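# Structural description and commentary
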Amino acid sequence: MSLSTLSSSIHFQELSRQPVITCRSSLVNGDLLVSSATSLALYGRAGNFCHRFHGLKLWVQENLNIRLCNNRNYGKENKFKTAKVFDSNRLSDLPKKNLSCEDQVQNESGVKDGSLPEESSSSTLTPRSTSSDGSLNVMKMQSLGLAPKDAKETPISIAIIGATDDLARTKIFPALFALYYSGFLSENVRIFGYSGEKLTDEDLRSLIATTLTCRVDHQENCGSKMESFLSKTYYIDGDYDNHEGIFKLNLRMEKMEGERGANRIFYLSVPQEAVLNVASFIADKSQTKRGWNRIIIEKPFGFDALSSNVLTDSLLSIFQEKQIYRMDHLLGRNLIENLTVLRFSNLVFEPLWSRKYVRNVQVILSEGLDLQSSSRYSNACGVIEDMVHSHILQTVALLAMEAPVSLDDEDVRNEKVKVLRSMDRLELNNVVLGQYKAMSKDKIDVSDTSMTPTFFSAALYINNARWDGVPFLIRAGTGLTSHRMEIRIQFDHVPGNIYRGRMGHNIDYATNELILRDVPDEAILIRINNKVPGLSLHLDASELNLLYKDKYNVEVPDSYEHLILDVIDGDNHLFMRSDELAAAWNILTPVLQALDKNSICPELYDLGGRGPEGAYYLWAKHGVRWVED
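Description of the structure in this document. Residue numbers here run from 1 along each chain, matching the order of that chain's written sequence. Residue-level local features of this predicted model are given only where pLDDT is at least 70; pairs of side-chain atoms are given and counted only at 80 or more, and the full residue set underlies all totals for whole chains, interfaces and linings. As a rule here, side-chain values come from all non-hydrogen atoms in the structure, and water together with hydrogens is ignored.

### As for the overall build of the protein
- The helix count covers DSSP runs of H or I at least four residues long, the strand count covers runs of E at least two residues long, and both are numbered beginning at the N terminus. When you go through the protein residue by residue, the secondary structure sums to 20 helices and 15 strands.
- Note on classification: 1.4 Å probe, protein chains only; a residue is buried when its accessible area is under 20% of the maximum for its type, exposed when over 50%, partly exposed between these limits. When burial is assessed residue by residue, the protein has 50% of its 629 residues classed as buried.
- Contacts are assigned to residue pairs with any non-hydrogen atoms lying within 4.5 Å of each other. Within the protein, contacts between residues at least 6 apart in sequence are counted, and of these 76% link residues at least 24 apart.
- Carbon and sulfur atoms provide 52% of the accessible area of the protein, an area that totals close to 30,200 Å². Note on areas: Shrake-Rupley with a 1.4 Å probe; residue coverage comes only from the protein chains shown.

### Overview of the sheet that holds strand E5 (residues 293-298)
- One bridge is not enough; two strands pair if DSSP finds at least two bridges between them. Read from one edge of the open sheet, 6 strands run E3-E2-E1-E4-E5-E6, paired in parallel fashion. Strand pairing shows two members of the sheet lacking a second neighbour, strand E3 (233-237) and strand E6 (324-327), which therefore form its edges. Geometrically, the sheet is characterised by an average inter-axis angle of 20 degrees between neighbouring strands, direction not taken into account.
- Across 6 bridges, the pairing between strand E1 (residues 156-161) and strand E4 (residues 263-268) is parallel. Following the sheet pairing, Ile160 is matched in E4 by Tyr267.
- Along the sheet face, helix H8 (residues 166-181) touches E1, strand E2 (189-195), E3, E4 and E5 and points at about 165 degrees away from the line of E1. Note on definitions: angles span 0 to 180 degrees between N-to-C directions of axes, and those axes are lines fitted to C-alpha atoms, for helices only across the stretch in contact.

### Brief notes about the packing of helix H11 (residues 243-257) against helix H12 (residues 275-285)
- In contact at an axis separation of 9 Å, H11 and H12 are set at 45 degrees when each is read in the N-to-C sense. The pairing of H11 with H12 is recorded here as oblique in orientation. Crossing hand, H11 versus H12: right-handed. Between H11 and H12, the contacting residues are His243, Ile246, Phe247 and Asn250 on the first element and Phe281, Ile282 and Lys285 on the second.
- Polar here means any residue other than Ala, Val, Leu, Ile, Met, Phe, Trp, Tyr, Cys and Pro, which are nonpolar, and Asp, Glu, Lys and Arg, which are charged; Gly is therefore polar. A class-by-class count of the residues in the contact of H11 with H12 yields 4 nonpolar, 2 polar and 1 charged. Orientation is classified from the angle alone, with under 35 degrees giving roughly parallel, over 145 giving roughly antiparallel, 65 to 115 giving roughly perpendicular, and any other angle giving oblique. Each crossing is labelled by how the near helix is turned from the far one, with a counterclockwise turn of less than a right angle marking it left-handed and a clockwise turn marking it right-handed.

### Quick notes on the packing of aromatic side chains
- Geometry of aromatic contacts follows a simple scheme: Phe, Tyr and Trp rings, the Trp one being its six-membered ring, pair when their centres are within 6.5 Å, and the pair is stacked under 30 degrees between planes, edge-to-face over 60, tilted otherwise. Per the stated rule, a full pass over the model turns up 10 aromatic pairs.
- A ring pair is formed by Phe455 and Tyr605, whose centres lie 5.9 Å apart and whose planes are at 65 degrees; its orientation type is edge-to-face. Pair noted here: Phe455 is in strand E9 (residues 455-460) and Tyr605 is in strand E15 (residues 603-606), with a separation of 150 residues, a long-range link. Across the pair, exposure class does not vary: Phe455 and Tyr605 are buried alike.
- An aromatic cluster is present here, built from Phe177, Tyr180, Tyr181 and Phe229 joined pairwise through their rings.
- Above the ring of Tyr180, the side-chain terminus of Lys225 is found at 4.7 Å from the ring centroid.
- Between the NZ or CZ atom of Arg475 and the centre of the ring of Trp619, over which it lies, the distance is 5.4 Å. Charges are assigned to positions over rings by a cutoff of 6 Å between ring centre and Lys NZ or Arg CZ, combined with an angular limit of 35 degrees from the ring normal.

In structure tokens:
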């Protein structure tokens, strides 16, 4: 049926009440929701197509609107996704008692312009933000074209709970200053330190001033920037086990924020046993009602599946998932962010990224021993909860996942959790645990007789179409020869290689390999076979290398800077979601249960050595050559 025929078949009344709507206004300002009492006119052949189409659009919208308004789920799922702007002159022609579906749902849910839940608030702090959280007022300003040109001017308050401990002094405050110095935190930032020590604002400023440094590559106005940053830092004393201190924190924050209010971040640098108390006090006493609230929690995220589930359930009872950021600083390394860039923006790699061409994948994280720190882990999980559960498994998930629909944080997390759920639970015959032997001359604690592992090696398998049968070998430990962080992807041998007899060495050494190295020197290396110069035909394995320090003359930001900026931007993709957390613990549960029952015993190895010998045999069992340190 043609448009003109349809229009001529509809009977209209009270044509004079039809509001005058131009084609341009309908396209720019969106659909107008018109009540049934308002008559619509569909123009015939004499009218232009724009008017006729818009009339049909209004007629369909009117009929659909009546049905959709009765469906509350529609409103709840779509509220705040768009901000409709109506011309005041046109609104005067419509009955005031008629509301759109969005308006009805907002009225029913009691949501007003002042405060919104985190999932529907909008981050407007930096241009990087793609988050959907913020306030309705900001949305209205943006839709009217009145949003501030520099979105980073939005006020923000950052509270560091546990401000006097080592982590806060040596990592968190320096990261915040680096962001401020580089322009990623605006002049409207306020930083509040909270701990049980009796200090003044000046005491805290003196405490952290010695840990702040300016960028090596640009030190302009370093002194003045540091003074300005310290002047925005305040201190509140209070305990972790009562709400009075958190209430005082809220009063101080409100006083400094003024009538405008601010978005708030709460960084919990507190012992594991204090997390739930502090989080519940913050949820009850210190959340702002004039912006979004986000909370950062440091690992460990529980010590096994049961304790993790209890922690997760408790947090989700007082915060939304979107508000919770589980911090693992190792995930803020440039290597981790570069994984998806390398895969999905380079055609040369993605077609090879499967069981058809990949022989094995190795993820290696080894650390020397800092003699000034505690020599052993303080809980039975040891290296498992410190390195393996979060960092290693998240690295494997990012490495092995399918391409996400977009770079949106939830799209990335959805793909990561699919990989984790596809992994087999670890079998004990594919796991080697180790513990370094401490000697009195090493100046570390030798009285510890626990079975806490300081080394972990395992072979993982992913049961999906892309990776079926490919071993992912992981190695993580401390007290080893050196600090090393790298990922090695070894490819299969060339079928029917006609140069096999010309290699001049073990064929395994001639395997093509992609090496992504973070420490000691960040680099991307590709091992290939090439002809040795000369008259004879001999092949050699060589490395094509991109050494970052030679290519890029810039200072690499600390991982805490990267992750804190992600929190400010509302980007969750490098933070574990609750379902990722549960899936990771499920993989490790058999090992943790065996440790609990003493049915698996860590193998001793020399401090400063290469790790337990059992790890060599495990890798050989899966046909993988041990990487020499």
